[in-house]
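Fold and contact review
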Amino acid sequence: GENVGLHLPTLSVQEGDNSIINCAYSNSASDYFIWYKQESGKGPQFIIDIRSNMDKRQGQRVTVLLNKTVKHLSLQIAATQPGDSAVYFCAATMNSGTYKYIFGTGTRLKVLA
Amino acid sequence: GAVVSQHPSWVICKSGTSVKIECRSLDFQATTMFWYRQFPKQSLMLMATSNEGSKATYEQGVEKDKFLINHASLTLSTLTVTSAHPEDSSFYICSARAPGDSGSEQFFGPGTRLTVL
């Protein structure tokens, strides 16, 4: 069945260091991938996205890498700040051309001062 | 732009009552809205896809008679939890996508916390 999972449930990072959050997906037909940040009691906040015809995309302090061969997605946060503490979810379209997402299980990022 | 709101932000109700949650796209028209449910410390699970002017499409395992969805306009979708029970207590989140959007991006609302006593 379809599955989008994360390798680590909790990631603790020293302030100023880089963070890497990983995600694996199972459906090779997924063609659009998104990373969301969710703070407690709030809805998901868009961070960055990438389409299946790309393998890397950069934003402000964030980079998403996509490896379609092994169906793996990662989010890199540079110079992690206390405000980055949250739960991060990856999401993938259920199938090519669909607008429905399947979400990963989430990784809690804790930034240590 | 691309703001989605939900109302109420939280609601407490007695077991057996029905609760309506509204999802509005404030600055764009949304042909498609999605409803998710999120239990504590868990991920978002898609419940249904709501298309303006047509019946919602429910994901496997989601009772359509229990979770009534109405998408009467391009800016409003409602989710009604009928005869709510404590196990329906959850965080309900909606999202919307704009028509003609060549991408697949969904814009999420802030969520509604439902507690059934």
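Please refer to the structure placed before this passage.
Residues numbered from 1 in each chain as written. Chains lettered and ligands numbered in written order. Predicted model: local features only at pLDDT ≥ 70, side-chain atom pairs only at ≥ 80, totals over all residues. Heavy atoms only, no water.

With respect to the overall build of chain B
Applicable threshold: To qualify as a helix, a DSSP run of H or I must reach at least 4 residues; to qualify as a strand, a run of E must reach at least 2; elements of each kind are numbered from the N terminus. In this setup the radius of gyration rests on C-alpha atoms only. A globule is expected at 2.2 Å times the number of residues raised to 0.38. Three labels apply to residues, based on accessible area from a 1.4 Å probe with only protein chains included: buried if under 20% of the type maximum, exposed if over 50%, partly exposed otherwise in between. Note on definitions: a residue-residue contact is assigned when non-hydrogen atoms from the two residues lie within 4.5 Å. Only the protein chains shown count as covering a residue, and every accessible area follows the Shrake-Rupley method with a 1.4 Å probe.
Helix and strand content of chain B: 0 helices and 11 strands. In chain B, the succession of α and β elements from N to C terminus is β-β-β-β-β-β-β-β-β-β-β. For 117 residues, the compact-globule formula gives about 13 Å, and the C-alpha radius of gyration of chain B, at 13 Å, lands near that figure. Considering only C-alpha atoms, chain B reaches an extent of 40 × 25 × 25 Å along its principal axes. Among the 117 residues that make up chain B, the fraction classed as buried is 52%. Within chain B, contacts between residues separated by at least 24 positions form 56% of all contacts whose residues are at least 6 apart in sequence. Of the roughly 5,600 Å² of accessible surface on chain B, a fraction of 53% belongs to carbon and sulfur atoms.

Describing the packing of aromatic side chains
Here is the rule: Working definition: a ring pair exists when centres of Phe, Tyr or Trp rings (six-membered ring for Trp) sit within 6.5 Å. Plane angles under 30 degrees give stacked, over 60 give edge-to-face, the rest tilted.
Tallied over the full model, the rule gives 12 aromatic pairs over all chains. Their ring planes at 80° and their centres at 6.3 Å tell us that Y36 of chain A and F46 of chain A sit as a pair that is edge-to-face. Here Y36 of chain A, found in strand β4 (residues 32–38), pairs with F46 of chain A, found in strand β5 (residues 45–51); they are 10 residues apart in sequence, far enough to count as distant. In this structure F46 of chain A comes out as partly exposed when scored by relative accessible area, which is 32%. On the basis of an interplanar angle of 40° and a centroid distance of 5.5 Å, the ring pair of Y36 of chain B and F108 of chain B is categorised as tilted. Here Y36 of chain B, found in strand β4 (residues 32–38), pairs with F108 of chain B, found in strand β10 (residues 107–108); they are 72 residues apart in sequence, far enough to count as distant. Accessibility expressed as a relative area gives 12% for F108 of chain B, which makes it buried. Chaining the aromatic ring pairs together yields one cluster made of Y32, Y36, F46, F89, Y101 and F103 of chain A together with Y36 and F108 of chain B.

Remarks on the sheet that holds strand β7 (residues 67–73) of chain B
Residue and element names in this part refer to chain B. Defined as follows: Two strands are said to pair when DSSP picks up at least two bridges between them. Between N-to-C directions, angles cover 0 to 180 degrees, with each direction set by a line fitted to C-alpha atoms, over the stretch in contact for helices.
What the 4 strands build is an open sheet, ordered β1-β3-β8-β7; its pairing is antiparallel. With partners counted over all chains shown, the strands left at the sheet margins are β1 (4–7) and β7, one partner each. On average, adjacent strands in this sheet sit at an angle of 15° to one another, irrespective of strand direction. Where β1 and strand β3 (residues 19–25) come together, 4 bridges link them in antiparallel fashion. Bridge pairing in β3 links Q6 to C23.

Observations regarding the interface of chain A and chain B
Using the following cut-off: Definition used for salt bridges: Asp or Glu carboxyl oxygen within 4 Å of a side-chain nitrogen of Lys or Arg. Any N or O atom pair separated by 3.5 Å or less is treated as a polar contact, with the protein-specific requirement of one donor-capable and one acceptor-capable atom, and with residues adjacent in sequence counted only for side-chain atom pairs. Residues are grouped as follows: Ala, Val, Leu, Ile, Met, Phe, Trp, Tyr, Cys and Pro are nonpolar; Asp, Glu, Lys and Arg are charged; every other residue, Gly included, is polar.
Chain A puts 19 residues into the contact, and the matching count from chain B is 20 residues. Taken together, the links from chain A to chain B amount to 1 salt bridge. We note a salt bridge from K100 of chain A to E59 of chain B, for which the minimum N-O separation is 2.8 Å. Put simply, chain A and chain B have 7 residue pairs in polar contact (both at pLDDT 80 or more) between them. Put simply, the parts of the chain that give the side of chain A that touches chain B at least two residues each are β4, β5, β9 (86–93) and β10 (101–103) of chain A. A class-by-class count of the residues in the side of chain A that touches chain B yields 9 nonpolar, 7 polar and 3 charged.

Here's the deal with a nonpolar patch on the surface
Residues and elements named next belong to chain B. Test applied: Patches here are clusters of residues that have more than 30% relative accessible area and form no salt bridge, with a 9 Å joining cutoff for like charges and a 5 Å cutoff for nonpolar side chains (Val, Leu, Ile, Met, Phe, Trp, Tyr).
Among the surface-exposed residues, W10, I12 and L117 lie close enough to one another that they form a single nonpolar patch of about 380 Å² accessible area. In this fold, W10 is placed in strand β2 (residues 10–13). For W10, a relative accessible area of 56% corresponds to the exposed category.

Concerning the side chain of T112 of chain B
Inspection of the secondary structure puts T112 of chain B in strand β11 (residues 112–116). A polar atom in the side chain of T112 of chain B sits 2.6 Å from the backbone oxygen of P8 of chain B.

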